[in-house]
Amino acid sequence: MITDQKPFAVNPNILEMEYAVRGPIPQRAAELEKQGRKIIPCHIGNPQALGQVPMTYLRQVLSLVEEPSKIARERQLKALFEENPSSNLREEDFISEEILGISQDILTKSVTGMGAYTASKGHYFIREAIAEFINQRDDFDPRNGINADPEKIFLTSGASQGVKFVVDLLIAKGNDGIMIPIPQYPLYSASIKKVGGTQVNYYPDEEQGWVFNRSILEDAYTKAGKDGVNVKGIVVINPGNPTGAVLDEQSMVDLIEFAQEHQLMIIADEVYQENVYQGKFLSFAKGLGTGTVPLVSLHSISKGFLGECGHRGGYLELRNPPKIENSTMDFTDLLNKQASVSLCSSTPGQVLTYLMVKPPTENSKSYQRYLEEKQKVLNDLHEKAVMIREAFSEMDGVECFGETGALYLFPRLNVLPEGTTDFDYCMALLEKTGLCTVNGSGFGQKEGTHHLRIAFLPPKELLKQVLPEWIKFHNQYVSK
Ligand SMILES: Cc1ncc(COP(=O)(O)O)c(C=O)c1O
């Protein structure tokens, strides 16, 4: 260490900012791993880190657009095979003409290839495909909905970047606030903290499956008003993180009416829209209909059944962009400015986002394999969630509310030894079993309650081994 160096004064907001999913428990897990311990990383929704297999369709196309010469090579090899059909190879050993065609088409439309910056908002053809996807998903009808507009769609390097763009714009002064559900995904608290804004908590009702209503929202809003906070927006995460809960329609209606009345922007984090295991996902865009509330919706390639977290892709869609005080610009223009400063989102992320919104169609050759792989991932996830929930029923004082969605369970620990916290519990669980979870306090929780969040991602075989150990650990820990 250089001793004569003067300490730097840095942004105090960043000094204070917290991010539990990469906090002390995962840090301890990394230390234990270095010492040779087997760690089961359930602290983060990072599916491929736990063995989830990438979708063939996405990876084949991505590899071909990254190395276009392989398209011609693949065709040459196939021609050789056709001339010499007695070889040991089979037709399935070659990348299909359909995939080669899609890859070629992407390269043609992107014009400048994978190594060049794109437009700040992302490639136009991808934004068009996203608009089409949104309209199809929401059964768009001009009589009761808004047509998704490619000009109001921004490709982002993961949904996280989209959230930061919006939070940066909304918070102008220290008393500007954004309402967030408690418990929340710490991206929101951290992004608000970073720009020196005010986090305004609202508390969905855990025992009713994490639903909320007007009075829950109004209470939070009124309290913030009394504290001098100017609330600008409200975040909703559906399906939820960390709760995993799937939002009911009435909560959605109440939230939209509430936002309308108080002129708030809705930030709908819908990155888990494919992770609804029973029933159907309902988007805020659809719920809004022809309503005039400003709405930002976020989606990502990181979750669902793709799990392409490392490739950093996603999009932000804006509806009813508000005008800007003292300016001729509107919110879309300013988001564009934000995007321009980042130049553009990653091109592999853009391509994977394109493939996410343009999966193989039913009559295409790739469809069957795509469907099988998709269903395998989603069925496995659901089965794993059920296995973990069943284990909770054998743990003293553990209750888990809400329909299963997203990639997480957020059980409440009703019994903990005197003087201990959920942080202590999770740390002890890690030390004893290698299971790395996150303490409920890392997401915020109602005063006096204790929880943990577990991502239901480990392979079933591993869960079968570790769940009995967890049950044993739990029942011993709480009986202290
Ligand atoms: C609710 C929620 N929003 C956003 C993100 C960020 O995802 P991305 O990888 O797309 O940045 C996550 C990641 O876990 C999340 O859980």
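As a convention, each chain's residues are numbered from 1 in the sequence order in which they are written. Side-chain atom pairs in this predicted model are given and counted only at pLDDT of 80 or more, local residue features only at pLDDT of at least 70, and totals for whole chains, interfaces and linings cover all residues. Only hydrogens and water are removed before side-chain values are computed, so all heavy atoms of the structure are retained for them.

A few words on the environment of valine 65. Relative to the elements of secondary structure, valine 65 occurs in helix α3 (residues 56-66). In the structure, valine 65 is positioned 39 residues away from glutamine 104 in sequence and 7.3 Å away in space, judged by C-alpha atoms. Contact partners of valine 65, with chain neighbours within four places excluded, come to Ser103, Ile106, Leu107, Met114 and Val351. In this text, helices come from DSSP runs of H or I with a minimum length of four residues, and strands from runs of E with a minimum of two, each type numbered from the N-terminal end. Residue contacts follow a heavy-atom distance rule, with two residues in contact if any of their heavy atoms lie within 4.5 Å.

Right, let's get into the packing of aromatic side chains. Stacked, edge-to-face and tilted labels apply to pairs of Phe, Tyr and Trp rings (six-membered ring for Trp) whose centres lie within 6.5 Å, assigned for plane angles under 30 degrees, over 60, and everything in between, in that order. Taken as a whole and judged by the stated rule, the model has 14 aromatic pairs. Between tyrosine 272 and tyrosine 408, the aromatic rings sit 5.5 Å apart at their centres with planes inclined by 85°, giving edge-to-face as the arrangement. Of the two residues, tyrosine 272 is situated in the loop between β6 (265-269) and α11 (284-288) and tyrosine 408 in strand β10 (residues 408-409); the sequence distance between them amounts to 136 residues. Each of the two residues, tyrosine 272 as well as tyrosine 408, counts as buried. Ring geometry for phenylalanine 305 against tyrosine 370: centres 6.0 Å apart, planes inclined by 85°, an arrangement best described as edge-to-face. Separated by 65 residues along the polypeptide, phenylalanine 305 in the loop between β7 (295-300) and β8 (314-319) and tyrosine 370 in helix α14 (residues 367-392) bring together distant segments of the chain. Summarising the burial analysis for this pair, phenylalanine 305 and tyrosine 370 share the class buried. A network of ring pairs unites the aromatic residues Tyr57, Phe305 and Tyr370 as a single cluster. Note on exposure labels: buried denotes an accessible area under 20% of the residue type's maximum, exposed denotes more than 50%, and partly exposed covers the range between, all computed with a 1.4 Å probe on protein chains only.

This brings us to the site of the ligand. Any residue with a non-hydrogen atom lying within 4 Å of a molecule or strand is treated as near it. Residues in contact with the ligand amount to 15 residues; listed here are only the nearest, Ser160, Asn241, Asp269, Tyr272 and Ser302. Contacts described as polar in this section are N or O atom pairs within 3.5 Å, which, within protein, must combine one atom able to donate a hydrogen with one able to accept it, while residues neighboring in sequence count only if both atoms come from side chains. Interatomic distance of 2.6 Å between a backbone N/O atom of alanine 159 and an oxygen atom of the ligand. A distance of 3.4 Å separates an oxygen atom of the ligand from a polar side-chain atom of tyrosine 185. The protein chains shown are the only cover counted for residues, whose accessible areas, like all others here, come from Shrake-Rupley with a 1.4 Å probe. Calculation on the ligand without its partners gives an accessible area of 390 Å², and the protein chains cover 95% of this total.

To continue, consider the sheet that holds β10. Whether parallel or antiparallel, the strands of a sheet pair through hydrogen bonds between backbone atoms. What the three strands build is an open sheet, ordered β10-β14-β13; its pairing is antiparallel. Of all strands in the sheet, those bounded by a partner on one side alone are β10 and β13 (438-439). Two strands form a pair only when DSSP identifies at least two bridges running between them. The pairing of β10 with strand β14 (residues 452-455) spans two bridges and is classified as antiparallel. Within the sheet, the bridge partner assigned to leucine 409 lies in β14 and is isoleucine 454.

Turning to the domain arrangement of the chain, a few remarks are in order. Residue ranges labeled as domains rest on an automatic or database domain assignment. Each assigned domain of the chain is listed here: domain 1 (12-50 + 370-478) and domain 2 (124-357). Averaged C-alpha coordinates put domain 1 and domain 2 at centres separated by 26 Å. Each partner contributes residues to the interface: domain 1 has 36 residues there, and domain 2 has 37 residues. A combined buried area of about 3200 Å² lies between domain 1 and domain 2, and 58% of that area is made up of carbon and sulfur atoms. It is Phe401, Glu403 and Phe443 that lose the most area in domain 1 upon contact with domain 2, and together they represent 18% of the buried surface on that side. Throughout, the accessible surface (probe 1.4 Å) given up by two parts as they are put together, summed over both, is called the buried area.

A side-chain nitrogen of Lys or Arg and a carboxyl oxygen of Asp or Glu constitute a salt bridge if their distance falls within 4 Å. Taken as a whole, this structure holds 25 salt bridges when the rule is applied. As a salt-bridge pair, lysine 460 and aspartate 380 come within 3.1 Å of each other at their nearest N and O atoms. Note that lysine 460 is positioned in helix α16 (residues 460-478) and aspartate 380 in helix α14, a separation of 80 residues in sequence. Relative accessible area serves as the criterion here: at 18%, aspartate 380 is assigned to the buried category. A single salt-bridge network, built from bridges that share partners, covers Glu206, Glu207, Glu399 and Arg412.

This part covers the environment of proline 47. By the element assignment, proline 47 lies in the loop between β1 (40-41) and α3. With 324 residues separating them in the primary sequence, proline 47 and leucine 371 have C-alpha atoms 18 Å apart. Excluding residues within four positions of it along the chain, proline 47 makes contact with Gln52, Ser302, Gly307, Cys309, Leu407 and Leu457.

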